[in-house]
Amino acid sequence: MAHGVEPLLPLDITEATFMLPDISALAPTDGLVALRARQLAKRDEDLALIHQRILSSRLASVREFEKRFANTIHDHDFSPGALVLVLNKKVEPASNAKCKP
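Calculation rules
- Residues numbered from 1 in each chain as written.
- Predicted model: local features only at pLDDT ≥ 70, side-chain atom pairs only at ≥ 80, totals over all residues.
- Heavy atoms only, no water.
- Helix = DSSP H or I, 4+ residues; strand = E, 2+ residues; numbered from the N terminus.
- Contact = heavy atoms within 4.5 Å.
- Areas by Shrake-Rupley, 256 points an atom, 1.4 Å probe, with all protein chains shown as cover.
- Patch = residues over 30% accessible without salt bridge, like charges linked within 9 Å, V, L, I, M, F, W, Y side chains within 5 Å.
- Salt bridge = Lys/Arg side-chain N within 4 Å of Asp/Glu carboxyl O.
- Buried < 20%, exposed > 50% of the residue type's maximum accessible area, 1.4 Å probe, protein only.
- Phe/Tyr/Trp six-rings, centres within 6.5 Å; stacked < 30°, edge-to-face > 60°.
- pLDDT = per-residue confidence, 0-100.
- Expected span 1.5 Å × (residues − 1).

Some thoughts on the overall build of the protein
- Of the regular secondary structure elements, the protein holds three helices and zero strands.
- A separation threshold of at least 6 residues defines the contact pool for the protein, and within that pool the share at least 24 residues apart is 38%.
- Surface summary for the protein: the accessible area is close to 9,100 Å², and the carbon and sulfur share equals 59%.

Some details on a nonpolar patch on the surface
- Together, F65, F69 and I73 make up a nonpolar patch on the protein surface, roughly 270 Å² of accessible area in all.
- Turning to its location among the elements, F65 is positioned in helix 2 (residues 44–68).
- You can call F65 partly exposed: its relative accessible area is 47%.

Re the packing of aromatic side chains
- Under the counting rule described, the total for this entry stands at one aromatic pair.
- Each ring, one from F65 and one from F69, has its centre 4.8 Å from the other, and the planes form 50 degrees; the classification is tilted.
- A relative accessible area of 31% places F69 in the partly exposed class.

Some remarks on the confidence of the model for the protein
- Summing up the model confidence of the protein, the mean pLDDT is 76 and the portion of residues at 70 or higher is 65%.
- Per-element confidence in the protein ranges from a low mean pLDDT of 59 for helix 3 (residues 92–99) to a high of 89 for helix 2.

Description of helix 2
- Compared with an ideal rise of 1.5 Å per residue, which puts 25 residues at 36 Å, helix 2 spans 36 Å between its outermost C-alpha atoms and is within 8% of the ideal.
- Those residues of helix 2 that sit buried are D46, I50 and I54.
- Residues of helix 2 that are buried sit in contact with helix 1 (29–41).

Re unusual backbone geometry
- Its identity as a non-glycine residue notwithstanding, D77 has a phi of 50 degrees, on the positive side.
- Residue placement: D77 occurs in the loop between helix 2 and helix 3.
- Residue classification places D77 among the exposed positions, given a relative accessible area of 66%.

What follows is the structure, given as structure tokens:
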């Protein structure tokens, strides 16, 4: 990634000019020109690599979310047509206040 920063939401993944190898030291001019040429080449393997990184990052985020909220996530497996009682906490206090004199 360019500048050592991985984009969280690449807006146009097919225009992969933001992809660079990790640059941690000073590079000569010809090396920088070669890196820019590689950026402009938009290699398919680079696009596949960034796609894989984004996909694995999203899956890791989903696993972390499920792990963090494992106690509150419930799969009730309601059948189609089943009646379900839902509490809307924003409306409930207001409806109680309306019923009082």
